[in-house]
Amino acid sequence: MSWQPEIDELAHRRRLAERMGGDEKVQRHKAAGRLSVRERVAAIADAGTFREVGGLSGSGRYDSNGRLLDVMPSNLVTGRAQIDGRPVVLVADDFTVRGGANEGAVGEKLIHAEKMAHELRLPMVRLVDGTGGGGSVRNIEIKGHTLLPTMKVWQHVVQNMSTVPVVSLALGSVVGMGAARVAASHYSMMVRDTSQLFSEGTPSIAARSGQHVDRNALGGSHIHTRNGVVDDEVATEHEAFARARQFLSYLPGSVHELAPCVANGDDAARRDEWLLSAIPRDGRVDYEIRPILQALVDADSFFEIGRHWGQAIVTGLARVDGWPVAMIASDPAFHGGNWDGATAQKFTRLVDLAQTFHLPVVNLVDTAGFQIGIEAEQAGVMRDGVRALAAVYQATVPWCSVIVRRAYGVAAAAHQHMGRFNFRYAWPSANWGALPIEGGLDVAYKAEIEGADDPVQKRAEIEQRVRSLTSPFRSAEAFVIEDIIDPRDTRALLCEFANLAAPLREPGISRFGIRP
């Protein structure tokens, strides 16, 4: 006698699982503009590659004879798949089953999936929609006692942050531990208007604090992509899937590998003539940094991360002569490129990402230092700035800085590790010092200015005299700067840097863990 009856039951159970929370709940979910969990998996994975793990888990209902009547599937779909031909681990919440809240199978499935990514050295992709394994008040009645929060999965979440690329997509109302799983990523996204993220939901907030607020006002993408909890917002789920694929394309499968070279045919010797006049002669005039950045890397290869927060710098991944690099560029259009706390945090995150996955860093520098004034001091900008400095001085990846205009103060000291060899160039527009002349002149020459018959004229004379000594060529004579270059030659020099850096990369776990 064969085992065909059991095979038939297996097929029946799989069909029950594919119903998710049932037709009514699935239709209600889709009417809100969101894909079902099965549609999401199919959309992000290469066709036919998803291999589900734990697809039979859930809550079975049986008759008095022990025969199966129905199964409410687990609200977490897990498995292996391929994305652009590369294997990954996929974890996806099913909001149609108890709103993605905790139930019997979720906790163990979460742990199993995180272990799978770590042991197989595969990127982890999380499609989060709900609490994603967090607690539920209903569990008190179900279990007959309360549970002490333990987050048993968290040791594996932290471990994976130091070993494999982790991407999280907030695709609905993400609460509690689900929100924490989104934040504990190397790259995260929210979908505008349909995604929200918060520690506790609006009913809980109303009950505990008396605040009555809708979900978007509490934790919409316009909030969390501006405060740095989430990296970016997108218009649709399909755009989120596309950006996840693009982000992963710059990284290795794990820290035990090196990211490959993927050339796109862009000429390493390309010289863009307009770069010669890209920086205004008037240092008070802003300019657009993104076109400059994009001109220096391989065509169409710059992938920006965190556009809406920490805006005094632009950060992201790119390719230079085919090699993936981490890009940092000052943005003088935001507070003159001066760092606030959020900018320092954003800088630290990208440096940690580069260090974790062995990516060389390219840094385009134009900053007059940390933000100054009462608000900056009250916000504790120095603490965030010192953390950024620590990240630079802990980093061991190859590093190239190009000083395009200003480099002043403690923030400028973070442009590279001064205790090791780095590549460094300056454009003719560059100038630097302990602090900007306009900020330090009145202090350094106070007595001379105040004692003059005409203080205004004396100040102007002193400023002209001091500025005559600030030419970068004067610094080059003293080997303060290694080389001053024609801006049009920058791309060729960055390509040389990328090719020299490539064989220096060493796979393995970094000596310090990434800071989420």
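Residues numbered from 1 in each chain as written. Predicted model: local features only at pLDDT ≥ 70, side-chain atom pairs only at ≥ 80, totals over all residues. Heavy atoms only, no water.

1. Considering the overall build of the protein
Move 1: Helix and strand counts for the protein come out as 21 helices and 18 strands.
Move 2: A burial count over the protein gives 52% of its 516 residues as buried.
Move 3: For the protein, contacts bridging at least 24 residues in sequence account for 73% of all contacts bridging at least 6.
Move 4: For the protein, the accessible surface area stands at approximately 23900 Å², while carbon and sulfur atoms represent 54% of it. (Helix = DSSP H or I, 4+ residues; strand = E, 2+ residues; numbered from the N terminus. Buried < 20%, exposed > 50% of the residue type's maximum accessible area, 1.4 Å probe, protein only. Contact = heavy atoms within 4.5 Å. Areas by Shrake-Rupley, 256 points an atom, 1.4 Å probe, with all protein chains shown as cover.)

2. So, the sheet that holds strand β4 (residues 76–83)
Move 1: Spatially, 7 strands are ordered β1-β4-β5-β6-β7-β9-β11 in an open sheet, and the strand pairing comes out mixed. The open sheet has two edge strands, β1 (51–53) and β11 (232–234), and neither has a second partner. Here the average twist between neighbouring strands, direction ignored, is 25°.
Move 2: As judged from the 3 bridges shared by β1 and β4, these two strands associate in the antiparallel manner. Residue pairing for β4: R51 is matched across the bridge by R80. (Pairing = 2+ DSSP bridges. Axes fitted to C-alpha atoms, helices over the stretch in contact; angles between N-to-C directions.)

3. Considerations on empty space enclosed by the protein
Think of a ball as big as a water molecule: rolled over the atoms, this probe shows where empty space is left.
Move 1: Counting across every chain of the model gives 5 cavities of 30 Å³ or more.
Move 2: The space that makes up the largest cavity amounts to roughly 130 Å³.
Move 3: Surrounding the largest cavity, 13 residues form its lining, H186, D231, I305, R349 and L350 being those nearest its centre.
Move 4: Looking at which element gives the most residues to the lining of the largest cavity, the answer is helix α13 (residues 341–356), with 4 residues.
Move 5: Here the lining of the largest cavity is composed, by residue class, of 5 nonpolar, 4 polar and 4 charged. (1 Å grid on protein atoms, 1.4 Å probe; cavity = no way out; pocket = protein on both sides within 12 Å on 5 of 7 lines; lining within 4 Å. Points joined across faces, edges and corners; volume = space filled by probe spheres on them. Nonpolar A, V, L, I, M, F, W, Y, C, P; charged D, E, K, R; others polar.)

4. Points about the side chain of S36
Move 1: Structurally, S36 is set in the loop between α2 (23–31) and α3 (37–44).
Move 2: Ignoring sequence-local partners within four residues, the contact set of S36 consists of M20, V26, H29 and K30.

5. Brief notes about the pattern of salt bridges
Move 1: Summed over all chains, the structure comprises 31 salt bridges.
Move 2: With its nearest N and O atoms 2.8 Å apart, the salt bridge here joins R488 to E273. Note that R488 is positioned in the loop between α20 (472–477) and α21 (490–501) and E273 in the loop between α11 (237–249) and α12 (289–296), a separation of 215 residues in sequence.
Move 3: For the salt bridge of R488 with D486, the shortest nitrogen-to-oxygen distance reads 2.6 Å.
Move 4: By relative accessible area, which is 21% here, D486 ends up partly exposed. (Salt bridge = Lys/Arg side-chain N within 4 Å of Asp/Glu carboxyl O.)

6. Regarding the environment of P472
Move 1: Positionally, P472 belongs in helix α20.
Move 2: When its relative accessible area of 6% is taken as the criterion, P472 is described as buried.
Move 3: The spacing of P472 and A430 is 42 residues in sequence and 6.4 Å in space, taken between C-alpha atoms.

7. Regarding α11
Because each turn of an α-helix spans 3.6 residues, side chains separated by three or four positions in sequence point in the same direction.
Move 1: The end-to-end C-alpha separation of α11 is 19 Å, in line with the 18 Å expected for 13 residues at 1.5 Å each.
Move 2: Here α11 has its buried residues at E237, A240, F241, R243, A244, F247 and L248. The arc that holds every buried residue of α11, seen down its axis, measures 165°, which confines them to one face. (Expected span 1.5 Å × (residues − 1). Arc of directions from axis to C-beta.)

8. Examining the nonpolar core
One broad rule of soluble globular proteins: the nonpolar side chains tend to lie buried together.
Move 1: By size, the foremost hydrophobic cluster in this structure holds 59 residues, and its most contacted members are L169, F247, L317, W339 and F347.
Move 2: Sorting elements by how many residues they give to this core places α13 first, with 6 residues.
Move 3: Residue contacts for F347: discarding those within four places in its chain leaves I313, I328, W339, A388, V392, W399 and A414. (Core = buried A, V, L, I, M, F, W, Y, C linked by side-chain atoms within 4.5 Å.)

9. So, the packing of aromatic side chains
Move 1: Throughout the structure, instances matching the rule amount to 8 aromatic pairs.
Move 2: Between Y187 and F303 the ring centres are 5.4 Å apart and the planes differ by 70°, which places this aromatic pair in the edge-to-face class. Here Y187, found in strand β9 (residues 187–191), pairs with F303, found in strand β12 (residues 303–305); they are 116 residues apart in sequence, far enough to count as distant.
Move 3: Using a relative accessible area of 2% as the deciding quantity, one classes F303 as buried. (Phe/Tyr/Trp six-rings, centres within 6.5 Å; stacked < 30°, edge-to-face > 60°.)

10. Description of the environment of L493
Move 1: Assignment of secondary structure puts L493 in helix α21.
Move 2: Separated by 70 residues in sequence, L493 and F423 place their C-alpha atoms 9.6 Å apart.
Move 3: Sequence-distant contacts of L493, defined by excluding residues within four places in its chain, comprise Y425 and I485.

11. Quick notes on the pairing of strand β2 (residues 58–62)
Move 1: Looking at chain direction, β2 and strand β3 (residues 68–73) are connected through 5 bridges and run antiparallel. Looking at β3, one finds that S59 is bridged to M72.
Move 2: As consecutive antiparallel partners, β2 and β3 are separated by 5 residues, and within that stretch G66 has a phi angle of approximately 80°, a positive value.

12. Quick notes on the side chain of K346
Move 1: Position of K346 relative to the elements: it lies in helix α13.
Move 2: Within the local environment of K346, its side chain forms a polar contact with the backbone oxygen of G306, the two atoms lying 2.7 Å apart.
Move 3: In contact with K346, other than residues within four places in its own chain, are I305, G306, R307, W309, G310, I313, V314 and T315. (Polar contact = N/O pair within 3.5 Å; in protein donor to acceptor, adjacent residues only side chain to side chain.)

13. A word on helix α6 (residues 154–161)
Move 1: Residues H156, V157, N160 and M161 constitute the buried set of α6. All buried residues of α6 project into a common sector of 140° when viewed along the axis, lining one side.

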